[in-house]
Amino acid sequence: MTLLSDRVRSQHWWPLAAAGVTVVLWASAFVSIRSAGSSYSPGALALGRLASGTLVLGLIVLLRREGPPPRAAWPGILCSGALWFGGYMLLLNWGEREVDAGTAAMVVNLAPILIGLLSGRLLGEGLPRRLFLGMAVSFSGTVVVGLSMSGSGHATLLGLVLCLLAACSYAGGVVFQKPALGHASALQVTFYGCLTGTVVCLPFTGALLTESARAPVSATLNMVYLGVFPTALAFTTWAFALARTTAGKMGSTTYVVPTLVVLMSWIVLDEVPGPLTLAGGALCLAGVAVARRPARRRSATVPATAPVPADREPVAECSAGS
């Protein structure tokens, strides 16, 4: 009994640890983008990042001798690769040039809410009240952080539209990726999704070659870092965790990212956050805690022989084989 309990506890913590790796690396990406984005245009940066990630993932796939995924996984892989790996990164890089960082964060962080709505409707995950309460709290924290960081920044209509499209691409990519993970491994889904995103961004090859010739080494190294860690590693750990929980819960977890960005900017860039920024970060964390808190289970009072009504059957959490 003890061994079984330890095994269940281990199965619960591995996806949570993987999600933790993802949000830390995604938060670090914002610091690296500041360096690379000053020397590379949006399309060139997206292509360079994805090409680096594809190369690393391809080597790992070869070493592990993993073949291509089954046919049933390809629709989800291709759609998530085009929307999330390709479209989202390109739109976000472009949008952040038209709006200040705080406004971009507020608009893009609509994505977890869209993920919850789409997964509830299209993936049959339902609309848990606790999940959306947590998302509402976290999103309010994101708004507070965004307002505190906007300062005298600018925001054009084009930039707002681009950030909104980025949020939609992000949400659509996650919802398409979830079913694919029921047929293929996290590594397969991530590698072929990243490869798809690279193909989408191939029209920017000329810009990448031209800009890399005159970009400082630090900017190019940051672009490679974005491809290896926040892309290759973080998207793989994301897929691993997504295969073992619901898309809605995974989306809510990304609200930890704004808080980590504030802390990393404080440590790495010496940007001391104000009280309003810290308060917004605390709200983000509180919302994630609410969203991911398991629902209370009612004590079993029904006899074992009593039939269970068809409309009250318990719904199991989505897993890799569902």
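Re the overall build of the protein chain
What the protein chain contains, in helices and strands, is 13 helices and zero strands. Taken from the N to the C terminus, the helices and strands of the protein chain come in the order α-α-α-α-α-α-α-α-α-α-α-α-α. The burial tally for the protein chain puts 47% of its 322 residues in the buried class. Taking the intrachain contacts of the protein chain between residues at least 6 apart in sequence as the baseline, contacts between residues at least 24 apart amount to 92%.

Some remarks on the packing of aromatic side chains
In this structure the tally under the stated criterion is 12 aromatic pairs. With 5.1 Å between their ring centres and 70 degrees between their planes, W74 and Y192 make a pair best called edge-to-face. Taken together, the residues span a long stretch of sequence, with W74 in helix α3 (residues 74-95) and Y192 in helix α8 (residues 186-200) at a distance of 118 residues. W74 gets classed as partly exposed once you look at its relative accessible area, which sits at 27%. Between F85 and F235, the aromatic rings sit 4.6 Å apart at their centres with planes inclined by 40 degrees, giving tilted as the arrangement. Of this pair, F85 sits in helix α3 while F235 sits in helix α10 (residues 217-242), placing them 150 residues apart in sequence. In this structure, F85 and F235 share a single accessibility class: buried. Taken together, W26, W84, F85, Y88, Y170, F235 and W238 form an aromatic cluster joined through their ring pairs. Over the ring of F240 we find R244, and its NZ or CZ is 3.9 Å from the ring centre.

Describing the environment of V175
Secondary-structure assignment places V175 in helix α7 (residues 157-180). Distance in space between the C-alpha atoms of V175 and I115 is 6.7 Å, their sequence separation being 60 residues.

Section: the environment of V262
Mapped onto the elements of the fold, V262 is located in helix α12 (residues 257-268). Between the C-alpha atoms of V262 and A27, which are 235 residues apart in sequence, the distance is 8.9 Å.

A short note on the side chain of T190
Structurally, T190 can be placed in helix α8. Within polar-contact distance, the side chain of T190 engages the backbone oxygen of A186 at 2.7 Å. Setting aside residues no more than four positions away along its own chain, T190 makes contact with L57, F85, A232, F235, T236 and A239.

Focus on the side chain of Q177
Considering the arrangement of structural elements, one finds Q177 in helix α7. For Q177, a relative accessible area of 0% gives the class buried. Engagement of the side chain of Q177 in a polar contact is seen with the side chain of W238, the distance being 3.0 Å. Leaving out residues up to four positions away in the same chain, Q177 has contacts with G76, S80, W84, F85, V189, W238 and L242.

A short note on unusual backbone geometry
A positive phi angle is found at R65, which is not glycine, with a value near 55 degrees. Inspection of the secondary structure assignment puts R65 in the loop between α2 (42-64) and α3. For R65, a relative accessible area of 78% gives the class exposed.

So, α8
Look at α8: 21 Å from first C-alpha to last across 15 residues, which is about the 21 Å you get at 1.5 Å a residue. Here α8 lies mainly inside the structure; 12 of its 15 residues are buried. Close packing links the buried residues of α8 with α2, α3, α7 and α10.

Thresholds applied
The residue numbering used here restarts from 1 in each chain and proceeds along that chain's sequence as written. Totals for whole chains, interfaces and linings use every residue, but because this is a predicted model, local features are given only for residues with pLDDT of at least 70 and side-chain atom pairs only at 80 or more, for both listing and counting. Remark: hydrogens and water are excluded; side-chain values derive from all non-hydrogen atoms of the structure. Under the scheme used here, helices are H or I runs from DSSP no shorter than 4 residues and strands are E runs no shorter than 2 residues, and both carry numbers assigned from the N terminus. Each residue's exposure class comes from its accessible area (1.4 Å probe, protein chains only) as a fraction of the maximum for that residue type: buried when under 20%, exposed when over 50%, partly exposed otherwise. Any pair of residues with heavy atoms lying within 4.5 Å of one another is described as a contacting pair. Stacked, edge-to-face and tilted are the three classes for Phe, Tyr and Trp ring pairs, Trp counted by its six-membered ring, which pair at centre distances within 6.5 Å; planes under 30 degrees apart are stacked, over 60 edge-to-face, the rest tilted. Remark: a charge is flagged as sitting over a ring if the NZ atom of Lys or the CZ atom of Arg is within 6 Å of the ring centre and within 35 degrees of the ring normal. By the criterion applied in these results, polar contacts are pairs of N or O atoms within 3.5 Å in which, for protein atoms, one can donate a hydrogen and the other can accept it, and in which residues neighboring in sequence qualify only through two side-chain atoms. Helices are assigned an expected span. That span is 1.5 Å times one less than the residue count.

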